[in-house]
Amino acid sequence: DVMVSFRQLDQAWRTLSHQLSQSPGLSREAIASVERLDRIDREVGKLFQVEPTLDRRELLRQLATLSNAFRNLIDELLIAPTGGTKIAQLVTDSRKVQQQVQRVEQVVLENYPYEQIVIEYSRFTRMWTTLLDQLRTYDDRYVERQVRYLVDANNSVKLLLWIDNKSDRAMLQQMAS
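Because the structure is predicted, anything quoted here is derived from the model rather than measured.

Moving on to the packing of aromatic side chains. Taken as a whole and judged by the stated rule, the model has 5 aromatic pairs. Ring centres of F70 and F124 lie 6.1 Å apart, and the angle between their planes is 90 degrees; this geometry places the pair in the edge-to-face category. Here F70, found in helix α3 (residues 56–78), pairs with F124, found in helix α5 (residues 114–136); they are 54 residues apart in sequence, far enough to count as distant. Accessibility expressed as a relative area gives 0% for F70, which makes it buried. For F124, a relative accessible area of 0% translates into the label buried. Aromatic pair Y114 and W162: ring centres 5.2 Å apart, planes at 45 degrees, arrangement tilted. Separated by 48 residues along the polypeptide, Y114 in helix α5 and W162 in the loop between α6 (141–161) and α7 (166–176) bring together distant segments of the chain.

With that settled, the discussion passes to α6. The end-to-end C-alpha distance of α6, which contains 21 residues, comes to 30 Å, matching closely the 30 Å that a straight helix rising 1.5 Å per residue would cover. Turning to α6, its buried residues are V143, Q146, V147, L150, V151, A153, N154, N155, V157, K158, L160 and L161. One or two residues past the end of α6 sits W162, with phi positive at roughly 60 degrees.

Another aspect to go through is the environment of V2. Residue placement: V2 occurs in helix α1 (residues 2–22). Expressed as a C-alpha distance, the spacing of V2 and Y138, which sit 136 residues apart in the sequence, is 53 Å.

Among the nonpolar cores identified, the biggest contains 38 residues, and L59, L66, F70, Y121, W128 and L161 are the most heavily contacted of them. The greatest single-element share of this core, amounting to 9 residues, is contributed by α5. Residues in contact with Y121, not counting those within four places in the same chain, are L63, L66, V104, N154, V157, K158, L161 and I163.

Moving on to the packing of helix α4 (residues 85–109) against α5. Think of two packed helices as two axes; the pair is described by the angle between the axes and how far apart they sit. Where α4 meets α5, the axes come as close as 9 Å, and the angle between the chain directions of the two elements is 165 degrees. By the angle between their axes, α4 is roughly antiparallel relative to α5. At the point where α4 passes α5, the crossing takes the left-handed sense. When α4 is examined against α5, the residues L90, D93, S94, K96, V97, Q100, V101, R103, V104, V107 and V108 are found in contact with a partner set consisting of Q116, I117, E120, Y121, R123, F124, M127, W128, L131, Q134 and L135.

Procedures and definitions
- Residues numbered from 1 in each chain as written.
- Predicted model: local features only at pLDDT ≥ 70, side-chain atom pairs only at ≥ 80, totals over all residues.
- Heavy atoms only, no water.
- Phe/Tyr/Trp six-rings, centres within 6.5 Å; stacked < 30°, edge-to-face > 60°.
- Helix = DSSP H or I, 4+ residues; strand = E, 2+ residues; numbered from the N terminus.
- Buried < 20%, exposed > 50% of the residue type's maximum accessible area, 1.4 Å probe, protein only.
- Expected span 1.5 Å × (residues − 1).
- Core = buried A, V, L, I, M, F, W, Y, C linked by side-chain atoms within 4.5 Å.
- Contact = heavy atoms within 4.5 Å.
- Axes fitted to C-alpha atoms, helices over the stretch in contact; angles between N-to-C directions.
- Parallel < 35°, antiparallel > 145°, perpendicular 65-115°, else oblique.
- Left-handed = near helix turned anticlockwise from the far one by under 90°.

In structure tokens:
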């Protein structure tokens, strides 16, 4: 069936296009070619009345990985040798962010459209960015390791949703310095 083939091609192209757009050092000609192919993909999608094709199974798998990484972060915070109100607040904030990840999972499971998934994920991103800033000030190698796992898991989800991930790379570099 032509529609099935187009959906598969659309999904593969969007993933490749996103990876290319995230690649540093691409020539202007290459960037222009990718943008031209993106426009063609959107035009053909409109003709066939096909929305962006998400790999929902893989997206759910990556969201579960992200949620588990938050659970591990919370565990590391709870056993941290230096407790106090700062740790308690970090645990509370981490749980709230994890709940938003679970909300995104629910939206995906209930087959909401792509735009709604991105809206919910954007809420997560705002919460995560705030938490990441707070975690940057906390000096614990185990917590830092969990933060790296979270950044990686977040980047995997963003790749599947075709969302730019440059901001997380910058934050991770700040944490490393």
